[in-house]
Amino acid sequence: MNNNGFYGLSLIALGMSMGQVAVAVEQKPEGFIEGSTFSLLNRNLYFNRDYRKGQSSPAGNGYAEEWAHGIIGRFESGFTEGTVGFGIDAFAMVGLKLDSGDGRSGARSSVDVMPYNSKGQPEDSYSKVGGAAKARFMDTVVKIGDVFPSTPVLAYGDSRLLPESFKGATFTNTSIKDLTIQGGRLHAMSQPNSSSMRDGFSTFYAGAVDAPWIAYLGGGLHRQ
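Residues numbered from 1 in each chain as written. Predicted model: local features only at pLDDT ≥ 70, side-chain atom pairs only at ≥ 80, totals over all residues. Heavy atoms only, no water.

## Structural notes on the environment of P152
Among the structural elements, P152 can be located in the loop between strand 5 (140-147) and strand 6 (165-173). Looking at P152, the relative accessible area reads 88%, which means it is exposed. Remark: the alpha-carbon pair of P152 and G218, spanning 66 residues in sequence, is separated by 9.5 Å. (Helix = DSSP H or I, 4+ residues; strand = E, 2+ residues; numbered from the N terminus. Buried < 20%, exposed > 50% of the residue type's maximum accessible area, 1.4 Å probe, protein only.)

Here's what the structure looks like:
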């Protein structure tokens, strides 16, 4: 190949490289609508517990069971363009009783799937509606409102019909490679079988937590 041919190929390669750089520079970050997602989950739950001894069950018959269906809708927006981007997260959930009654329900026990009235009878349905405002600055995302933290210290439960949620503020930062820093301050929660978004704190198996608020801060490594 002569020098003219070599220089010609070099100029073509340089032009292609510059074109790729220009495309990369012109790409815009996700927008509020462009970066949004919506999901709809149908969850059917049948729960049965055999107490072996009749006197140890709430109904006194040796077992408890409930059958219900849950519908969980979630919307997560992207972030508006600019130095600080803003967005929202929202959800709507409903739980429907399919089969349960006074003699079989797990009223006031860890079997509880549906909420109960003053007589201990399961309600026909219940719902949850909530959301959070969020902001992103560089590598930090802050959320304020109804949130679903998942950390070794504090995590929302999702082993019943509808998930728990917490009310407060959280942040996540990923400025350092392979390190995620997160923290939050929470002042209320929603139990799995409750429509209220301002229940007191309670662990799933250990009972109530005597605290007006809970805070956490930490980080985790995640090498790929």
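## Side note on the packing of aromatic side chains
Here the structure, examined in full by the defined rule, presents 3 aromatic pairs. The interplanar angle of 80 degrees and the centroid separation of 5.3 Å between the aromatic rings of F148 and Y156 together place this pair among those described as edge-to-face. What makes F148 partly exposed here is its relative accessible area of 23%. Residues F166 and F201 carry aromatic rings whose centres are separated by 6.4 Å and whose planes lie at 25 degrees to one another, so their mutual orientation is stacked. Remark: F201 occurs in the loop between strand 7 (179-190) and strand 8 (202-203) and F166 occurs in strand 6; sequence separation between them is 35 residues. The exposure class of F166 is buried, given its relative accessible area of 6%. The rings of F91, F148 and Y156 are connected pair by pair, giving a single aromatic cluster. Positioned above the aromatic ring of F79, the side-chain terminus of K134 is 4.9 Å from the ring centre. We note R185 situated over the ring of W213; from NZ or CZ to the ring centre the distance is 4.4 Å. (Phe/Tyr/Trp six-rings, centres within 6.5 Å; stacked < 30°, edge-to-face > 60°. Lys NZ or Arg CZ within 6 Å of the ring centre and 35° of its normal.)

## Some points on the environment of K97
Inspection of the secondary structure puts K97 in strand 3 (residues 84-99). For K97, a relative accessible area of 25% puts it in the partly exposed group. Note: C-alpha distance between K97 and L45 (52 residues apart in sequence) is 9.9 Å. Excluding anything up to four places from it in sequence, K97 contacts W67, A68, M114, P122, E123 and D124. (Contact = heavy atoms within 4.5 Å.)

## A word on the sheet that holds strand 6
The strand order 1-2-3-4-5-6-7-10 describes an open sheet built from 8 strands, whose pairing is antiparallel. Here the strands that pair on one side only, and so sit at the sheet edges, are strand 1 (37-50) and strand 10 (214-221). Each strand of the sheet is rotated relative to its neighbour by a mean of 15 degrees, with strand direction disregarded. Pairing of strand 5 with strand 6 involves 8 bridges; the strand directions are antiparallel. Each bridged residue has a counterpart across the sheet, and for V141 the counterpart in strand 6 is T172. (Pairing = 2+ DSSP bridges. Axes fitted to C-alpha atoms, helices over the stretch in contact; angles between N-to-C directions.)

## Points about the nonpolar core
Among the nonpolar cores identified, the biggest contains 12 residues, and these are L45, F47, A68, I72, F91, M93, V113, M114, Y126, L161, L162 and M197. The contact partners of M93, leaving out residues within four places of it in the chain, are I71, I72, R74, Y126, S127, K128, F148, L162 and P163. (Core = buried A, V, L, I, M, F, W, Y, C linked by side-chain atoms within 4.5 Å.)

All we've got here are geometric facts, nothing functional implied.
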